[in-house]
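Survey of secondary and tertiary structure
Letter by letter, the chains look like this.
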Amino acid sequence: MKILGIETSCDETAAAIVRNGVEVLSNEVYSQVAQHEPYGGVVPELASRCHVEVLPGVVGRALAAAGQAWPGVDAIAVTYGPGLASSLLIGVAAAKSLALRLNKPLRGVNHLEAHLYSVFLGEHAPDPHVVCPLLVLLVTGGHTCLVLVREPGVYQLLGRTLDDAAGEALDKGASLLGLRYPGGPAIEVAAGEGNPVAIAFPRGLRQGNASQQVHGMRRDLCFSFSGLKTSLLYHLKKHPDAIANGGLPDLAASYQEAVFQALLDRTRRALEHTGAAHVACVGGVARNQRLGRLLGELSRAMGVQIHQTQPGYCTDNAAMIAALAGSGWPHASIDLMMEDIDPNLAIRSA
Ligand code: KG4
Ligand code: ZN
């Protein structure tokens with residue numbers, strides 16, 4: 001079963017061919033960073049226009065790289081949410097036309113559930129039947145949550161951010177520091193040899209006790225990052241010459257560390273709470289090497305096994321979309337012929 005995946009939920013235009021839910025035959029990603037960079041963030045109108053322009057070429061390259069012609073494609077899978085409405089519409093419209101033209105099934109995939117599945121892609125990836133229940137820290141530009149994958153296709157949302165996502169906090173912090181978009185990788189580079197404990201930035205939500213609930217989740221498993229960027233703003237106002245005086249590495253390293261220590265603290269609690277023996281990190285922020293090292297240290301200290309997602313499957317890609325659609329997992333995708341996009345689609349929490 002070979003599936004063509006299409007992903008256009010934000011500012012990456014991507015297409016991939018995946019066989020039987022695991023074998024990635026091609027994975028093409030066109031990043032729109034250059035288009036959005038002058039504005040310091042994603043401009044939805046620009047993103048959707050760019051998807052229209054580049055998607056046909058990206059799909060063509062995915063087919064060519066996989067050595068496939070149209071008759072070899074058994075189904076089309078596409079992200080139908082969550083994401084930018086105007087961007088989702090382009091991918092879904094293209095996928096629908098292809099499915100009608102080729103007379104193949106059209107499967108709609110949840111972008112966040114595909115991120116959760118991304119840890120199972122690539123060489124040396126773990127076997128889901130062996131590592132579940134698996135605790136997953138999902139950290140992207142728009143979402144930050146802790147999900148227990150109890151068994152393939154059965155998710156339990158344990159906690160999530162109550163305001164900004166971790167990637168968003170890095171992007172906004174980078175902008176305050178005068179760094180380029182996207183901010184996560186820019187902060188990682190700027191942090192370089194900087195001291196991560198040079199400046200004491202707040203590390204998220206004040207501790208509550210385990211019995212406090214928010215939106216049906218334990219408060220001490222939830223995140224909050226909006227105060228952090230305000231704290232950076234005040235710090236820069238108080239020390240206007242900090243960057244000119246060579247303070248950027250310490251500032252970037254300390255800010256990044258505040259984000260990561262909040263992620264680690266909730267991950268540790270979630271591991272204690274669930275007793276899961278396996279942990280993974282997925283989404284764009286999972287590309288960060290310091291976060292990977294810190295999670296590695298945490299897992300060793302707690303005697304749990306960590307599974308690192310391959311860098312190419314962390315940031316947005318279509319391989320994870322085609323792979324989840326072909327995984328055979330329960331409720332992995334929906335028949336999209338009669339359905340529409342859903343910009344606010346959530347993970348199906350059991
Ligand atoms: O998963 P993703 O590509 O898109 C969304 O679904 O949002 O994640 C994008 C986010 C951005 O906030 C970006 O700054 C962050 O991932 N990111 C990183 C790194 N690479 C990308 N954050 C920290 N370190 C990185 N190396
Ligand atoms: Zn994403």
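Refer to the structure printed above.
Residues numbered from 1 in each chain as written. Chains lettered and ligands numbered in written order. Predicted model: local features only at pLDDT ≥ 70, side-chain atom pairs only at ≥ 80, totals over all residues. Heavy atoms only, no water.

**A look at the nonpolar core**
Using the following cut-off: In this text, buried Ala, Val, Leu, Ile, Met, Phe, Trp, Tyr and Cys residues form a nonpolar core when linked through side-chain atoms within 4.5 Å. Categorising residues by exposure relies on relative accessible area from a 1.4 Å probe, with only protein chains included: less than 20% of the type maximum marks a residue as buried, more than 50% marks it as exposed, and the intermediate range marks it as partly exposed. Secondary structure elements follow DSSP: runs of H or I of four or more residues count as helices, runs of E of two or more count as strands, with numbering from the N terminus. Between two residues, a contact is recorded if the distance between any of their heavy atoms is within 4.5 Å.
Leu135, Phe225, Val259 and Leu263 are the most contacted members of the largest nonpolar core, which has 48 residues in total. Within the residue set of this core, elements represented by two or more residues are strand 6 (134-139), strand 7 (144-151), helix 6 (166-176), helix 7 (183-191), helix 8 (226-238), helix 9 (248-274), strand 11 (278-282) and helix 10 (289-302). Tallying contributions element by element places helix 9 first for this core, with twelve residues. With sequence-adjacent residues up to four places away left out, Leu263 is seen in contact with Leu137, Val139, Thr144, Ala166, Phe223, Phe225 and Leu291.

**Notes on the sheet that holds strand 7**
Stated formally: At least two DSSP bridges between two strands are required for those strands to pair. The axes are straight lines fitted to the C-alpha atoms, using for helices just the contacting stretch, and the angles between their N-to-C directions are given from 0 to 180°.
With mixed pairing, five strands are arranged side by side in an open sheet as 8-7-6-11-12. Each edge of the sheet is formed by a strand with only one pairing partner; in this case those strands are strand 8 (154-160) and strand 12 (305-308). Across the sheet, the mean angle from the axis of one strand to that of its neighbour is 25°, orientation sign disregarded. As defined by bridge partners, strand 6 adjoins strand 11 across five bridges and the pair is classed as parallel. Residue pairing in the sheet places Leu135 in a bridge with Val279 of strand 11. Its contacts with the sheet place helix 10 against strand 6, strand 11 and strand 12, and it is angled at close to 160° to strand 12.

**Some details on the site of ligand 1**
Note the cut-off: Distances are taken per atom, and a residue is near a molecule or strand as soon as one of its heavy atoms is within 4 Å of it. Each polar contact in these results corresponds to two N or O atoms within 3.5 Å; when the atoms are within protein, one needs to be able to donate a hydrogen and the other to accept it, and residues that are neighboring in sequence are counted only if both atoms are side-chain atoms. Using a 1.4 Å probe, accessible areas were evaluated by the Shrake-Rupley method; residue-level cover was limited to the displayed protein chains. The classification used treats Ala, Val, Leu, Ile, Met, Phe, Trp, Tyr, Cys and Pro as nonpolar, Asp, Glu, Lys and Arg as charged, and all other residues, Gly among them, as polar.
Lining the immediate environment of ligand 1, one finds 21 residues, of which Gly141, Asp171, Gly184, Glu188 and Gly284 sit closest. One nitrogen or oxygen atom from the side chain of His115 is found 3.4 Å from an oxygen atom belonging to ligand 1. Taking Gly284, its main chain carries an N or O atom lying 3.0 Å from an oxygen atom of ligand 1. Relative to its unbound accessible surface of 550 Å², ligand 1 loses 89% to contact with the protein. Those elements that provide at least two residues to the shell around ligand 1 are helix 4 (111-117), helix 6 and helix 7. For the shell around ligand 1, the element with the highest residue contribution is helix 7, accounting for four residues. Here the shell around ligand 1 is built from residues that sort into five nonpolar, twelve polar and four charged.

**Observations regarding the packing of helix 6 against helix 9**
Filter applied, for reference: If an angle is under 35 degrees, it is roughly parallel; if it is over 145, roughly antiparallel; if it lies from 65 to 115, roughly perpendicular; otherwise it is oblique.
Close contact between helix 6 and helix 9 brings their axes to 10 Å; oriented N to C, the two are set at 170°. By the angle class used here, helix 6 and helix 9 are roughly antiparallel. Judged by residue contacts, Ala166, Ala169, Leu170 and Gly173 of helix 6 engage Tyr255, Gln256, Val259, Phe260 and Leu263 from helix 9. Broken down by class, the residue content of the contact of helix 6 with helix 9 amounts to seven nonpolar, two polar and no charged.

**Concerning the coordination of the zinc ion (ligand 2)**
Rules: For Na, K and Ca the donor cut-off is 3.2 Å, while for other metals it is 2.8 Å, and in both cases only N, O and S atoms qualify; water is not among them, so sites may look incomplete. All geometry calls rest on donor angles, where a four-donor set with angles between 85 and 135 degrees is tetrahedral, four- and six-donor sets with opposite donors more than 155 degrees apart and all others between 65 and 115 are square planar and octahedral, and all else is irregular.
The protein atoms that coordinate the zinc ion (ligand 2) are His111 (NE2), His115 (NE2) and Asp316 (OD), at distances of 2.0 to 2.1 Å. Every donor counted, the four donor atoms about the zinc ion (ligand 2) form angles of 96 to 133° at the centre, which fits tetrahedral coordination. Positions of the donor residues of the zinc ion (ligand 2) along the chain correspond to the pattern H-x3-H-x200-D. Of this pair, His111 and His115 both sit in helix 4, four residues apart, which is roughly one turn of that helix.

**Here we look at the pattern of salt bridges**
Should their charged atoms come close, side chains of opposite charge can pair. Threshold: Here a salt bridge means any side-chain nitrogen of Lys or Arg lying within 4 Å of a carboxyl oxygen belonging to Asp or Glu.
Tallying each qualifying case throughout the model produces 14 salt bridges. Ionic pairing is found between Arg61 and Glu28, a salt bridge with its closest N-O pair at 3.6 Å. Of this pair, Arg61 sits in helix 2 (residues 44-65) while Glu28 sits in strand 3 (residues 23-31); the two residues are 33 residues apart in sequence, bridging distant segments of the chain. On the basis of relative accessible area, Arg61 is assigned to the partly exposed category, the value being 42%. With relative accessibility at 21%, the residue Glu28 sits in the partly exposed group.

**Some details on the environment of Val42**
Here Val42 shows up in the loop between helix 1 (33-36) and helix 2. Sequence spacing of Val42 and Pro182 is 140 residues, and the spatial spacing of their C-alpha atoms is 9.3 Å. Setting aside chain neighbours within four positions, we find Val42 in contact with Cys10, Asp11, His36, Ala47, Leu84 and Tyr181.

**Points about the side chain of Glu257**
In this structure, Glu257 sits in helix 9. Judged by relative accessible area, which is 3%, Glu257 ranks as buried. In contact with Glu257, not counting residues within four places along its chain, are Pro196, Arg203, Arg290 and Leu294.

**Structural notes on the state of the cysteines**
Heads up, the condition is: Cysteine sulfur pairs qualify as disulfides if the two atoms are within 2.5 Å.
One pass over the structure, following the stated rule, counts zero disulfides. The cysteine Cys132 is free of any disulfide, with Cys145 supplying the nearest cysteine sulfur at 16 Å. On the accessibility criterion, Cys132 (14% relative accessible area) is buried. Free of any disulfide, Cys145 has its nearest cysteine sulfur in Cys222, 10 Å distant.

**Things to note about unusual backbone geometry**
Residue Pro133 is bonded to the preceding Cys132 through a cis peptide linkage, with omega at 0°. Looking along the chain, the bond that leaves Tyr181 and enters Pro182 is cis, with omega of 0°. In this structure, Asn103 is a non-glycine residue whose phi angle is positive, near 60°. Checked against the element boundaries, Asn103 lands in the loop between helix 3 (85-102) and strand 5 (106-110). The backbone phi angle of His124 is positive, close to 65°, even though this residue is not glycine.

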